[in-house]
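Residue-level structural notes
Here is what each chain is made of, one letter per residue.
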Amino acid sequence: MSTSTTLLLARHGQTIWHAENRYAGVSDIGLTDEGRAQAEALGRWAAVHRPDAIWTSPLSRAIATADPACRALGITPRREPDLRECDFGVVEGRTLAEFAAEVPDAAEAFRADPVTYPFPGAEDPLEAAARGAGALRRIAAAHPDERVLVVAHNTLLRLVLCTLLSIPPARYRRVFPRLRNAAITELRLDNHGSAALLSLNVPCEPDRS
């Protein structure tokens, strides 16, 4: 019997490092006031659209973003370690511009092919993509024919989308320049492994990007 699961993917709300475009990665960085407002907007969206379950990354910025939706629905979130953000190695807490000023050749190689030339000390992007895709497949298998809100991270989700949609992962920065904070990307996964992208970066409320 064929089943499918609709995954409602949301990047966490804005953090204190976003204004300067610093890589947060596995650093446990908190939300700003704007990020908390985005989380509340996601909660209002969830109250209307009523997903059947909520899963999050174990990082606090994702948990805090999901919390208003969990409260609105009376749902206890489930945490999935493999939904954590990529580890960006030496660039954690820094900007790409800062890295480029110190190691211009490495920064240029990253811009050209971030999978073949990740940051020094960073997690292998293909391994991150595989763990994230595996997590979404497990979540889908646990919720056949249901709708699941998944709160995770910008780079991980972009790598996973490429993997599930048969797009070369090295193109993730070009094909998906960014996922907006607390916006919804709708992905359908069936139990045969096929994936379909139904929507991308849809704001929870008209006045929030």
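Okay, so let's go over this structure. These numbers come from a predicted model, not from an experiment. (Residues numbered from 1 in each chain as written. Predicted model: local features only at pLDDT ≥ 70, side-chain atom pairs only at ≥ 80, totals over all residues. Heavy atoms only, no water.)

What follows covers the nonpolar core. Counting 39 residues, the largest nonpolar core has Leu-7, Leu-9, Phe-119, Leu-136, Ile-139, Val-150 and Leu-187 as its most contacted members. The set of elements that each furnish at least two residues to this core consists of strand E1 (4–11), strand E2 (53–56), helix H3 (96–102), helix H4 (104–112), helix H5 (125–142), strand E4 (147–152), helix H6 (154–164) and strand E5 (184–190). Once you skip the residues sitting within four places of it in the chain, Leu-136 turns out to touch Leu-7, Leu-9, Leu-83, Val-150, Val-160, Leu-164, Leu-187 and Leu-189. Counting 17 residues, the second-largest nonpolar core is a separate cluster that includes Ala-41, Leu-42, Ile-75 and Val-151. (Core = buried A, V, L, I, M, F, W, Y, C linked by side-chain atoms within 4.5 Å. Buried < 20%, exposed > 50% of the residue type's maximum accessible area, 1.4 Å probe, protein only. Helix = DSSP H or I, 4+ residues; strand = E, 2+ residues; numbered from the N terminus. Contact = heavy atoms within 4.5 Å.)

Looking at the largest pocket, its volume works out to about 490 Å³. Looking at which element gives the most residues to the lining of the largest pocket, the answer is H6, with three residues. (1 Å grid on protein atoms, 1.4 Å probe; cavity = no way out; pocket = protein on both sides within 12 Å on 5 of 7 lines; lining within 4 Å. Points joined across faces, edges and corners; volume = space filled by probe spheres on them.)

Next up on the list: the sheet that holds strand E3 (residues 78–79). Pairing is mixed across the open sheet formed by six strands, whose spatial order is E3-E2-E4-E1-E5-E6. Looking at the sheet topology across the chains shown, the edges are occupied by E3 and strand E6 (195–202). Alignment of E1 against E5, held across seven bridges, turns out to be antiparallel. The residue bridging Leu-9 from the neighbouring strand is Thr-185, located in E5. Lying over the sheet, helix H1 (residues 33–49) contacts E1, E4 and E5, oriented at roughly 170 degrees with respect to E4. (Pairing = 2+ DSSP bridges. Axes fitted to C-alpha atoms, helices over the stretch in contact; angles between N-to-C directions.)

Turning next to the pairing of E5. Where E5 lies against E6, five bridges are found, and the strand directions are antiparallel. Among the inter-strand pairings, Arg-188 is bridged to a residue of E6, identified as Ala-196. Counting the residues that bridge the hairpin from E5 to E6 gives four residues, and of these Gly-193 lies at a positive phi of roughly 95 degrees.

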